Amino acid sequence: MTDELTHTDDEGDVQMVDVGDKPDTARRAVARGRIRLQASTVDAVHEDEIGKGDVLATARVGAVQAVKHTWETIPMCHQIPITNVDTEFDVSDESIELTVAVETTGKTGCEMEALEGVTTGLNVVWDMVKAAEKDDDGGYPDTGIDDVSVVEKAKRPLE
């Protein structure tokens, strides 16, 4: 831990970190998360029987859109050039895991973009399947998003 805060000044005003003097590097971040669902819902997703449409294709688009717009939703996040986004779903009996890998070339990392991709992608899954998940009282006792984390972060100098 550093004694100096990077996003506030001496008066407590919030500020964006100046990365202007940092060299451009190739960067990659991977985040992963999971949504817990009823087994019958996972089966319906797998069989493409959700009335709103293709759940995973829609979630993939949502994840990529979130990656590209991270700087608009996280106040002190820099707008960075996204060079690649990969999404991968792992469907198991009672959950869907989403992994989002983001690549950029620039002065700052892309882990926030990867996290935004995962959380938004999983929120899209929830939105697409909520009719199947809802109980008689309108709640979602079997549904939850968890285990969201950055699982890889790397940078290398440009050649």
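Participant: What is the right way to read a negative patch on the surface from this model?
Facilitator: Taken together, the side chains of Asp43, Glu47, Asp48, Glu49, Asp54, Asp93, Glu94, Asp135, Asp136, Asp137 and Asp142 present a region of like negative charge at the surface. Structurally, Asp54 can be placed in the loop between α1 (39-46) and α2 (55-68). By relative accessible area, which is 40% here, Asp54 ends up partly exposed.

Participant: Which parts of the structure should I look at to understand the environment of Val85?
Facilitator: The residue Val85 is located in strand β2 (residues 82-91) in this model. When the C-alpha positions of Val85 and Thr143 are compared, they lie 27 Å apart, and in sequence the two are 58 residues distant. Setting aside residues up to four positions removed in sequence, Val85 forms contacts with Val64, Val67, Val100 and Ala101.

Participant: Is there a simple way to explain the sheet that holds β2 in this structure?
Facilitator: Within a sheet, adjacent strands bond to each other through the backbone by hydrogen bonds, running parallel or antiparallel. With antiparallel pairing, the 4 strands of this open sheet are ordered in space as β2-β3-β1-β4. Where the open sheet ends on each side, the last strands, each with one partner, are β2 and β4 (144-157). The mean inter-strand angle of the sheet, taken between neighbouring strand axes irrespective of direction, is 15°. Sheet topology note: the β2/strand β3 (residues 95-106) ladder contains 9 bridges and is antiparallel. Looking at the pairing, Asp86 lines up with Ala101 of β3. Relative to the sheet, α2 contacts β2 and β3, its axis offset from that of β2 by approximately 145°. In this fold helix α4 (residues 111-133) packs onto β1 (25-36), β2, β3 and β4, with an angle of close to 25° to the strand it touches most, β1.

Participant: Would you mind showing me how to read α2 here?
Facilitator: Side chains that are three or four residues apart share a direction in an α-helix, a result of its 3.6 residues per turn. If you check α2, its first and last C-alpha atoms are 20 Å apart, about what 14 residues at 1.5 Å a residue would give, namely 20 Å. Turning to α2, its buried residues number three or more, namely Val55, Leu56, Ala59, Gly62, Ala63, Ala66 and Val67. The buried residues of α2 occupy one face: seen down the axis, they fall within an arc of 135°. Turning to α2, the residues buried within the fold contact α1, α3 (70-73), β2, β3 and α4.

Criteria and cut-off values
Residues numbered from 1 in each chain as written. Predicted model: local features only at pLDDT ≥ 70, side-chain atom pairs only at ≥ 80, totals over all residues. Heavy atoms only, no water. Patch = residues over 30% accessible without salt bridge, like charges linked within 9 Å, V, L, I, M, F, W, Y side chains within 5 Å. Areas by Shrake-Rupley, 256 points an atom, 1.4 Å probe, with all protein chains shown as cover. Salt bridge = Lys/Arg side-chain N within 4 Å of Asp/Glu carboxyl O. Lys, Arg positive; Asp, Glu negative; His and termini not counted. Charge placed at Lys NZ, Arg CZ, Asp CG, Glu CD. Helix = DSSP H or I, 4+ residues; strand = E, 2+ residues; numbered from the N terminus. Buried < 20%, exposed > 50% of the residue type's maximum accessible area, 1.4 Å probe, protein only. Contact = heavy atoms within 4.5 Å. Pairing = 2+ DSSP bridges. Axes fitted to C-alpha atoms, helices over the stretch in contact; angles between N-to-C directions. Expected span 1.5 Å × (residues − 1). Arc of directions from axis to C-beta.

Bear in mind that shape data such as this cannot, by itself, settle questions of function.
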